[in-house]
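# Structural characterization, general
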Amino acid sequence: MHQNRTLIRGDNLTEMRNFPDECVDLIATDPPFNSKRDYFILYHDEHGQEPDVLVKAFADTWKWGNAAEEAYRELQIEVGGQVGDTIEGLRKFLNETPMMAYLVMMAIRLVEMHRILNPTGSLYLHCDPTASHYLKIILDSVFGVDNFRREIIWNLETASGYKSKVKGFIRGHDVILYYVKDFDKFVFNKIYQPHKPEYIKRFKKVDEHGRHYRDDRPGGRRQYLDETPGVALTDVWSGIMSFQQNTNTDEITGYPTQKPIELYEPIIEASSDTGGLVLDPFCGCGTTLMAAESLDRQWIGIDLTYLATGAVKLQIEKYFPQLLNQIKITGTPENEQQALELARTNPFNFEEWAVTHVLKFKANAKKVADGGIDGTMKFPLGKIQGKQAFGTAIAQVKGGSYTLGHIRDFRTAMQDAKADIGVFLVTKPPSQKMLAEAAKAKTYEHPSYEFTAPCLQIYQIQDYYNGILPKLPHAEKSVL
Ligand SMILES: C[S@@+](CC[C@H](N)C(=O)[O-])C[C@H]1O[C@@H](n2cnc3c(N)ncnc32)[C@H](O)[C@@H]1O
């Protein structure tokens with residue numbers, strides 16, 4: 001079983017299948033919603049010097065194909081029972097549509113989530129009205145109708161919407177479906193919110209000890225204000241703005257579909273105890289994990305993309321820097337051999353991993369025709385004419401063979417991008433001629449503090465595993 005603070009890069013179905021039965025206290029997760037769109041990260045150049053860049057983070061478009069057919073078959077033959085019947089019925093109704101492909105993808109994973117939950121455990125599944133009604137039927141079949149607890153409505157605090165061209169009411173809420181594994185055993189810690197002023201006003205009388213009370217109820221019994229713990233949280237949650245509305249907060253990482261930590265805190269507080277293990281199998285940039293850490297719970301996060309696990313790492317650095325060395329990341333190359341294998345078998349993933357995890361640069365959206373730039377990093381130069389100025393480092397990743405011509409082209413790309421430093425990340429050692437070509441790019445000197453480095457650095461991935469990093473100035477502290 002994975003230890004506390006493990007981040008797994010991989011498909012959650014495969015990963016959860018390696019978990020033993022009944023080992024997790026709470027699953028709070030926010031999978032793709034079948035929104036029929038792909039999600040991109042828009043990197044703004046806040047200094048106005050470069051066009052914005054788009055990075056594809058993950059796809060939320062579904063198609064009936066071999067993977068869906070295989071999941072359907074497993075749900076029929078290996079899972080069977082009520083789940084099999086429900087899925088069969090849904091297929092009769094929905095046919096081989098994108099919605100059905102999405103639902104079988106979810107159903108097979110919900111079966112695993114149910115298996116690994118402790119009898120005291122709970123599942124919170126964040127979705128929206130696109131598919132929440134179907135997911136609820138599937139959850140009824142997986143968890144049992146009696147173990148449904150609540151449908152939480154998160155009021156997105158949508159702005160006025162007067163500019164929207166949508167014919168109809170403006171969508172203003174998400175849905176969080178809450179199920180427990182066992183109705184007789186589940187953990188629940190009640191959460192109270194402060195009383196409303198109108199309620200407090202009813203406690204007009206004050207006793208000899210200064211305590212406010214009311215006695216206007218039948219029987220005249222005294223009810224003291226300080227004996228009522230507050231308003232028990234209902235299943236309609238307001239006052240937590242989505243990041244679509246609240247764009248002016250440090251919490252925003254740029255990871256698409258990021259949710260506020262404040263939304264996940266009550267879930268964790270209510271449905272787990274201190275020290276309990278929280279899992280988010282679709283963890284994105286790690287909102288659930290940050291909430292769990294801040295509430296002294298253990299956690300495990302899973303996500304398919306290097307971009308997400310890279311973002312979680314940066315979130316840890318931001319909120320819990322003291323823990324950075326305690327995070328265990330699996331599913332990313334752990335040694336030189338694995339890195340080389342990834343470069344050979346999946347060059348795009350190698351590039352994404354190298355840029356986001358090794359260099360901690362922002363990844364470039366375009367994987368082809370990218371102008372020779374796979375990643376970018378900004379670093380502060382200090383104030384120039386009263387304004388904060390920034391330098392730029394760019395990176396290019398070559399997972400396979402490369403030539404002298406590639407180094408020359410990278411120098412040109414550096415000049416075109418007005419980059420101060422360039423990192424040419426490779427898996428094979430450069431020749432003497434290549435090193436000489438790189439050396440032509442001269443030395444970079446930081447204007448504000450003592451820092452010099454070769455402008456063009458050929459960096460071998462082998463060095464990473466020997467604890468050697470490229471020579472770079474301190475970067476800006478931003479999550480993505
Ligand atoms: C809606 S986002 C989660 C956002 C997250 N709540 C946050 O605040 O950042 C869904 C995530 O699920 C991930 N994902 C999709 N399919 C997956 C799979 N099969 N296994 C693991 N992660 C997956 C995507 O990469 C994406 O990061």
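Just so you know, the residues in each chain are numbered from 1, in the order the chain's sequence is written. In keeping with the model being predicted, local features are shown solely for residues with a pLDDT of at least 70 and side-chain atom pairs are shown and tallied solely at 80 or more, while totals for entire chains, interfaces and linings include all residues. Based on all heavy atoms of the structure, the side-chain values leave hydrogens and waters out of the count.

## Overview of the pattern of salt bridges
Salt bridge, as used here: a side-chain nitrogen of Lys or Arg that lies within 4 Å of a carboxyl oxygen of Asp or Glu. Going through the model one piece at a time under the given rule, you end up with 25 salt bridges. A salt bridge links arginine 214 to aspartate 216, with the nearest nitrogen and oxygen atoms 3.0 Å apart. Here the term buried applies to any residue with accessible area under 20% of the maximum for its type, exposed to any over 50%, and partly exposed to those in between, with areas from a 1.4 Å probe on protein chains only. Arginine 214 gets classed as buried once you look at its relative accessible area, which sits at 8%. For lysine 360, the salt bridge identified is with glutamate 317, shortest N-O distance 3.9 Å. Of this pair, lysine 360 sits in the loop between helix H11 (347-358) and strand S17 (362-363) while glutamate 317 sits in helix H9 (residues 306-319); the two residues are 43 residues apart in sequence, bridging distant segments of the chain. On the basis of relative accessible area, lysine 360 is assigned to the partly exposed category, the value being 39%. Residue classification places glutamate 317 among the partly exposed residues on the basis of a relative accessible area of 22%. Residues participating in the shared-partner salt-bridge network are Arg17, Asp21, Glu74, Glu112 and Arg115. Helix and strand definitions here come from DSSP, where helices need a minimum of 4 consecutive H or I residues and strands a minimum of 2 consecutive E residues; each element is numbered from the N-terminal end.

## Details of helix H7 (residues 261-271)
Burial within H7 is extensive, with 8 of its 11 residues counted as buried. All buried positions along H7 are accounted for by Ile261, Leu263, Tyr264, Pro266, Ile267, Ile268, Ala270 and Ser271.

## A look at the side chain of threonine 392
Within the secondary structure layout, threonine 392 lies in strand S19 (residues 387-398). The class of threonine 392 is buried, set by a relative accessible area of 4%. Identification of polar contacts relies on pairs of N or O atoms within 3.5 Å, with a donor-acceptor requirement for protein atoms, meaning one able to donate a hydrogen and the other able to accept it, and with residues adjacent in sequence counted only if both atoms are side-chain atoms. Looking at threonine 392, its side chain comes within polar contact range of the side chain of lysine 378, at 3.2 Å.

## Side note on the site of the ligand
Working definition: residue near molecule or strand if any one of its non-hydrogen atoms lies within 4 Å of it. The immediate surroundings of the ligand are formed by 21 residues, with Asp30, Tyr255, Cys285, Thr287 and Asp303 found nearest. Leucine 304 is positioned with one of its backbone polar atoms (N or O) 3.2 Å from a nitrogen atom of the ligand. Where accessible areas are quoted, they stem from the Shrake-Rupley method and a 1.4 Å probe; at the residue level, only the protein chains shown are allowed to cover. Expressed as a share of its isolated accessible area of 610 Å², the protein-covered part of the ligand is 96%. Side-chain classes follow a simple rule in which Ala, Val, Leu, Ile, Met, Phe, Trp, Tyr, Cys and Pro form the nonpolar group, Asp, Glu, Lys and Arg form the charged group, and the remainder, Gly included, forms the polar group. Across the shell around the ligand, the residue classes tally to 9 nonpolar, 7 polar and 5 charged.

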